[in-house]
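# A structural walkthrough
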Protein chains: 2
Amino acid sequence: MSASPLLEQLIESLRVLPGVGQKTAQRMAYHLLERARDGGKRLSKALDDAMREIGHCELCRDFSEKPQCPICASASRDASLLCAVESPSDLLAIEQATGYRGRYFVLQGRLSPLDGIGPEELGLDQLEDRLSEGEVSEMIIATNPTVEGEATAHFLSQMARRHGVKPTRLAHGVPLGGELEYVDRSTIAHAFSSRRAVE
Amino acid sequence: MSASPLLEQLIESLRVLPGVGQKTAQRMAYHLLERARDGGKRLSKALDDAMREIGHCELCRDFSEKPQCPICASASRDASLLCAVESPSDLLAIEQATGYRGRYFVLQGRLSPLDGIGPEELGLDQLEDRLSEGEVSEMIIATNPTVEGEATAHFLSQMARRHGVKPTRLAHGVPLGGELEYVDRSTIAHAFSSRRAVE
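A short tour of the structure in this document, coming up.

Thresholds applied
- Residues numbered from 1 in each chain as written.
- Chains lettered and ligands numbered in written order.
- Predicted model: local features only at pLDDT ≥ 70, side-chain atom pairs only at ≥ 80, totals over all residues.
- Heavy atoms only, no water.
- Helix = DSSP H or I, 4+ residues; strand = E, 2+ residues; numbered from the N terminus.
- Rg over C-alpha atoms; globule rule 2.2 N^0.38 Å.
- Buried < 20%, exposed > 50% of the residue type's maximum accessible area, 1.4 Å probe, protein only.
- Contact = heavy atoms within 4.5 Å.
- Areas by Shrake-Rupley, 256 points an atom, 1.4 Å probe, with all protein chains shown as cover.
- Lys, Arg positive; Asp, Glu negative; His and termini not counted.
- Charge placed at Lys NZ, Arg CZ, Asp CG, Glu CD.
- Axes fitted to C-alpha atoms, helices over the stretch in contact; angles between N-to-C directions.
- Parallel < 35°, antiparallel > 145°, perpendicular 65-115°, else oblique.
- Left-handed = near helix turned anticlockwise from the far one by under 90°.
- Nonpolar A, V, L, I, M, F, W, Y, C, P; charged D, E, K, R; others polar.
- Buried area = accessible area lost by both parts, 1.4 Å probe.
- Polar contact = N/O pair within 3.5 Å; in protein donor to acceptor, adjacent residues only side chain to side chain.

## Some points on the overall build of chain A
In terms of regular secondary structure, chain A is built from 8 helices and 6 strands. Scanning chain A from its N terminus toward the C terminus, one meets helices and strands in the order α-α-α-β-β-α-β-α-β-α-β-α-β-α. A globule of 199 residues ought to have a C-alpha radius of gyration of about 16 Å, yet chain A, at 22 Å, is considerably larger. Dimensions of chain A, computed from the C-alpha atoms along their principal axes, are close to 65 × 45 × 40 Å. The buried share of chain A, taken over its 199 residues, is 44%. At a minimum sequence separation of 6, the contacts of chain A that also span at least 24 residues come to 50%. Accessible area of chain A: about 10900 Å², with a carbon and sulfur share of 52%. Positive and negative side-chain charges of chain A, numbering 23 and 29 respectively, have mean locations separated by a distance of 5 Å.

Now the structure itself:
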């Protein structure tokens, strides 16, 4: 029994966070009460605002509180490049790692017929409309290198070709800083067969 | 750059939680937005309620949204037993592990002169008043077995004796399920010298 029903409720509610169990939730609740009440109030406000206001950009389907996200609304982005990603976190990873100045399309998933996720769920009719407008010349397909991600990539590359758009895919190979000894066999096989001439 | 200032703000605010860095905060925010918006709203409400309403019990100093916490207010608790703990989480650990039916006193810290934590900060005058009322016959001192916790325990046991209250301390020894090989030397030394006759 905890001394406070509100505390009990806070601990229970914190468990909605991924990877947070009973013990971690307790530790978080006590930490906030003992040392970070202002931070806790700010978090409450930020959560409420975000859950209430954030929807999807009407063009790229990324999270956005406005009808169009800043990337789609920006005139300085190259409209001839379109990068298709599975999720907003993949988009963020590419934004943070690269100097890419084109636009995005967020599938919010991958083709997975067994889970009932088909072309409609991924907004592929919307993507097809966009490709048919003729502004896009290259579609960078950045789905994950999983079975379903590859199937989605195959589907997307066929769609791109139908509209005269050049499909490209992220290179596979040995990660930087990785040691060959610890890299999985299929990645090594792929990197070996895709070897490049040293200039 | 993230696509949404509100999302940015949510990620930043989540970092107030202990052990949550930038990457984990991102994962949490995307999880809430993609799969748990209702849970996120509930968490926002629970945080706001807790940060605003939870204060300290006037008797035991545990967290409570009422002037007296349920344990202090309960008539079925034995008023002759008082257990002094450092923090509300220690109280919770004892409540969950034992069948203890006495009352508590939460120090909200331990004596630490170098950090400016003296008897006033721990509410020890309030504790002394309580001991002088004559209702308590045994004080179980459950401070942590650290240098500062032991110093606090020594201070508390002298206070108890001044008021004719019997001070007791949790037993030290080898933890259940522990293997001797992995138990630290001072614990083994303590357990060895405190060995008990087998009945």
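Back to the write-up after that little detour.
## Regarding the packing of helix α3 (residues 37–53) of chain A against helix α1 (residues 5–14) of chain B
Viewed as axis vectors pointing N to C, α3(A) and α1(B) meet at an angle of 150 degrees, and their least axial separation amounts to 9 Å. By the angle class used here, α3(A) and α1(B) are roughly antiparallel. The handedness of the crossing between α3(A) and α1(B) is left-handed. Contacts between α3(A) and α1(B) involve A:Arg42, A:Leu43, A:Ala46, A:Leu47, A:Asp49, A:Ala50, A:Met51 and A:Glu53 from the first element and B:Leu6, B:Gln9, B:Leu10, B:Ser13 and B:Leu14 from the second. Looking at the contact of α3(A) with α1(B), its residues break down into 8 nonpolar, 2 polar and 3 charged.

## Quick look at the interface of chain A and chain B
Contacts between the two partners involve 53 residues from chain A and, on the opposite side, 53 residues from chain B. Summed over both partners, the interface of chain A with chain B comes to about 5300 Å²; 71% of that surface belongs to carbon and sulfur atoms. Counting across the chain A and chain B interface gives 9 residue pairs in polar contact (both at pLDDT 80 or more). When contributions to the side of chain A that touches chain B are tallied by element, the ones reaching two or more residues are α1 (5–14), α2 (22–35), α3, β2 (63–64), α4 (70–73) and α5 (88–97) of chain A. Broken down by element, the side of chain A that touches chain B gets its largest block of residues, 14 residues, from α3(A).

In short, shape yes, function no, at least from these values alone.
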